[in-house]
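# Fold and geometry: a report
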There are 2 protein chains.
Amino acid sequence: MKLMDIYARLRGDISYIEKELERSIDTEHAVLNEASLHLLKAGGKRIRPVFVLLAGELGTYDLERLKRVAVPLELIHMASLVHDDVIDNANTRRGQLTVKSKWDNRVAMYTGDYIYAKALTIVTQLENPVIHRILSKAMLEMCIGEMEQIRDFFNTEQTVRNYLLRIRRKTALLIAISCQLGAVASEAKPELARRMYNFGYNVGMAFQIRDDILDLLGTEKQLGKPPGSDMRQGNITLPVLFALQESSIREELLHEISTIRDADGQADTYRVIQLIRGSKGVDRADAMAAKYIEKAIAALDILPDNKTRKNFKDIAHFIGKRLH
Amino acid sequence: MKLMDIYARLRGDISYIEKELERSIDTEHAVLNEASLHLLKAGGKRIRPVFVLLAGELGTYDLERLKRVAVPLELIHMASLVHDDVIDNANTRRGQLTVKSKWDNRVAMYTGDYIYAKALTIVTQLENPVIHRILSKAMLEMCIGEMEQIRDFFNTEQTVRNYLLRIRRKTALLIAISCQLGAVASEAKPELARRMYNFGYNVGMAFQIRDDILDLLGTEKQLGKPPGSDMRQGNITLPVLFALQESSIREELLHEISTIRDADGQADTYRVIQLIRGSKGVDRADAMAAKYIEKAIAALDILPDNKTRKNFKDIAHFIGKRLH
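Reading guide: rules and limits
Residues numbered from 1 in each chain as written. Chains lettered and ligands numbered in written order. Predicted model: local features only at pLDDT ≥ 70, side-chain atom pairs only at ≥ 80, totals over all residues. Heavy atoms only, no water. 1 Å grid on protein atoms, 1.4 Å probe; cavity = no way out; pocket = protein on both sides within 12 Å on 5 of 7 lines; lining within 4 Å. Points joined across faces, edges and corners; volume = space filled by probe spheres on them. Helix = DSSP H or I, 4+ residues; strand = E, 2+ residues; numbered from the N terminus. Nonpolar A, V, L, I, M, F, W, Y, C, P; charged D, E, K, R; others polar. Least-squares fit on C-alpha atoms with pLDDT ≥ 70 in both. Contact = heavy atoms within 4.5 Å. Expected span 1.5 Å × (residues − 1). Buried < 20%, exposed > 50% of the residue type's maximum accessible area, 1.4 Å probe, protein only. Polar contact = N/O pair within 3.5 Å; in protein donor to acceptor, adjacent residues only side chain to side chain. Core = buried A, V, L, I, M, F, W, Y, C linked by side-chain atoms within 4.5 Å. Buried area = accessible area lost by both parts, 1.4 Å probe. Salt bridge = Lys/Arg side-chain N within 4 Å of Asp/Glu carboxyl O.

With that settled, the discussion passes to empty space enclosed by the protein. This structure, assessed with the given rule, holds 10 cavities of 30 Å³ or more. Considering only enclosed or pocket space, the largest cavity measures out at about 110 Å³ in volume. The set of elements that each furnish at least two residues to the lining of the largest cavity consists of helix H7 (105-123) and helix H8 (129-152) of chain A together with helix H7 (105-123) and helix H8 (129-152) of chain B. For the lining of the largest cavity, the per-class residue count stands at 10 nonpolar, no polar and 2 charged.

It is worth spelling out the relation of the copies chain B and chain A at this point. Once chain B is rotated about the relating axis by 180° and shifted along it by 0.0 Å, it coincides with chain A to within an RMSD of 0.0 Å. A rotation of that kind, with that shift, is consistent with a two-fold axis. Of every C-alpha in chain B, the one belonging to Pro129(B) sits nearest the axis of rotation, 3.0 Å from it. Comparing contact sets, 100% of the residues at the interface of chain B also lie at the interface in chain A, consistent with an isologous, same-surface contact.

A word on H8(B). Residues and elements named next belong to chain B. Across its 24 residues, H8 extends 35 Å between first and last C-alpha, which sits within 8% of the 34 Å expected from 1.5 Å per residue. The buried count for H8 comes to 20 of 24 residues, which makes it a mostly enclosed element. Looking at where H8 begins, the residue whose side-chain oxygen comes 3.0 Å from the main-chain nitrogen of Val130 is Asn128. With its phi angle positive at about 60°, Phe154 sits one or two positions after the end of H8.

Our next topic: the nonpolar core. The biggest cluster of nonpolar side chains holds 231 residues, and the ones touching the most others in it are Phe199(A) and Phe199(B). It is helix H9 (residues 160-185) of chain A that contributes the most residues to this core, 14 residues altogether. Those residues within four positions of Phe199(A) in sequence are excluded, and the remaining contacts are Phe51(A), Cys179(A), Ala296(A), Ala299(A), Leu300(A), Phe312(A) and Ala316(A).

A common measure of how large an interface is: the accessible area buried when the components associate. Chain B puts 40 residues into the contact, and the matching count from chain A is 40 residues. Roughly 3,600 Å² of surface becomes buried between chain B and chain A when both sides are summed, with 73% attributable to carbon and sulfur atoms. Area buried by chain B at its contact with chain A is led by Arg106(B), Tyr110(B) and Met147(B), which between them contribute 20% of it. Taken together, the connections running from chain B to chain A amount to 2 salt bridges. Among the salt bridges present, the one from Glu127(B) reaches Arg133(A), with a minimum N-O distance of 2.8 Å. At the surface where chain B touches chain A, the tally comes to 13 residue pairs in polar contact (both at pLDDT 80 or more). Only helix H3 (30-41), helix H5 (63-88), H7 and H8 of chain B provide two or more residues apiece to the side of chain B that touches chain A.

Structure (structure tokens):
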């Protein structure tokens, strides 16, 4: 099953959101416009808007209200990618040139700022200040997560807990509130909104762990960027942390990682990837992702047994299985 | 008269806001904390919080409510400075090392993002979504203003109108809404809030023009950064645009500016400053600033004749006179 098949039922509303996304970044300023559009056109799974729409089915479904949550959430995600690419010195993402590479760091920084601000002008059109609060809190946590990522670059002594806290802030929170805010905006029961948050949080954790595994296992074609990118920039992910726990390879792995650090982004990651692939690190990370998916699905148990719940479940399974 | 004498009456409340500012950026993340605090301690006139407090006297003065506007506005201003310094490649501001120079561009970018997000979490504690809307709209316009500044770097063909539109977005809007939101948060009459916006807008325009003049006339000690910084980074300001209209110096000025552009930030600006100082550019810019101050003061005419109005007037005069 493809993600698009799960989305099929929502196709009409998703394309409406897609059009609104395009409309939202329409500005008279040429470079901003071009840079934002370039980013938008690079695509993505639009998982956050989809979760908003699905969660919106738990209350009074109102597309006009839901779009004022769905569009900002996707914009915030996009803005964080633009700023990420400045930091990561990334030249491609999803097989496309990044904003910072097509233009420069200055343009990337202000394009990110602009998209963040645009997200806020849209969400604040809703009268409910609770929604504004949840969104700005999540933005704050995301920034802290990004700073933590920088702080932890090449830190081979960091704990698994450390990693989990970081991806919680960096990724899981925004997905969690996508589910939550869909429910809140449609005035679903508070207990449902809480469950949605839990579902999204657990899916988000699994999603990031899978993404980090994929960076080690995938090909450049699959990834839209060279494999081992995380390692090259110093981002020590879960499979690496697990591999470092194996005494038979620990020393060589540490040596390889310090070589990569000293090569300042120009390193060959072939050997390090080989070492990690040969370890139990990938399987153990994979198992942890599967546990998060289980928890996500468990959070759905109070939902009525209908299409909405089935779609949530299917998406969770899809994310849980995306390596096999 | 010093600005502090005008503030004297508000001293208690201003130091409360100052403490809240410090508390607001208190995070467990060490670098973020240090970088934000470094910025805060570098000082500034806190003109935005002061305007919020003063405008708060036009309705029901409630410091707890007003601080949720005053703190975010100052934070947004601070965040924009951090991002500005990345762009401007500035090493000092107000005589202190900038965040990007004390740490690096990555830290500066995320410190800015963090402070922006923090501002939003504070303002969204207020129940009134109108305030959230006004603030996010202003943030959006500021970003566009920053991008326009980049676009217009070294563009000697730009019009005065172009310059005015840019500083409107970059500077005047945030000062305008500081005055407006103080009135809105204290539930002053809508007509008073509108007048406050006008007052702040005109003061803000004068403020930026004066700042741009000062960059050409001031000493390094006065400015806390080398004079001619605007010119070195390509920011063509009002006195320069006026000087370019003088046919006797236009050619030499154009030549100097293009030399500076080609020197990529390392240029000697002695001659270009000398040319502008010798032109009517400074006086004409000065006169334009004075006009904005006049308009600002005219906007105060419906305010009751009391201390609040007198303080607003005194600050406007202070800004109007800060070169003499």
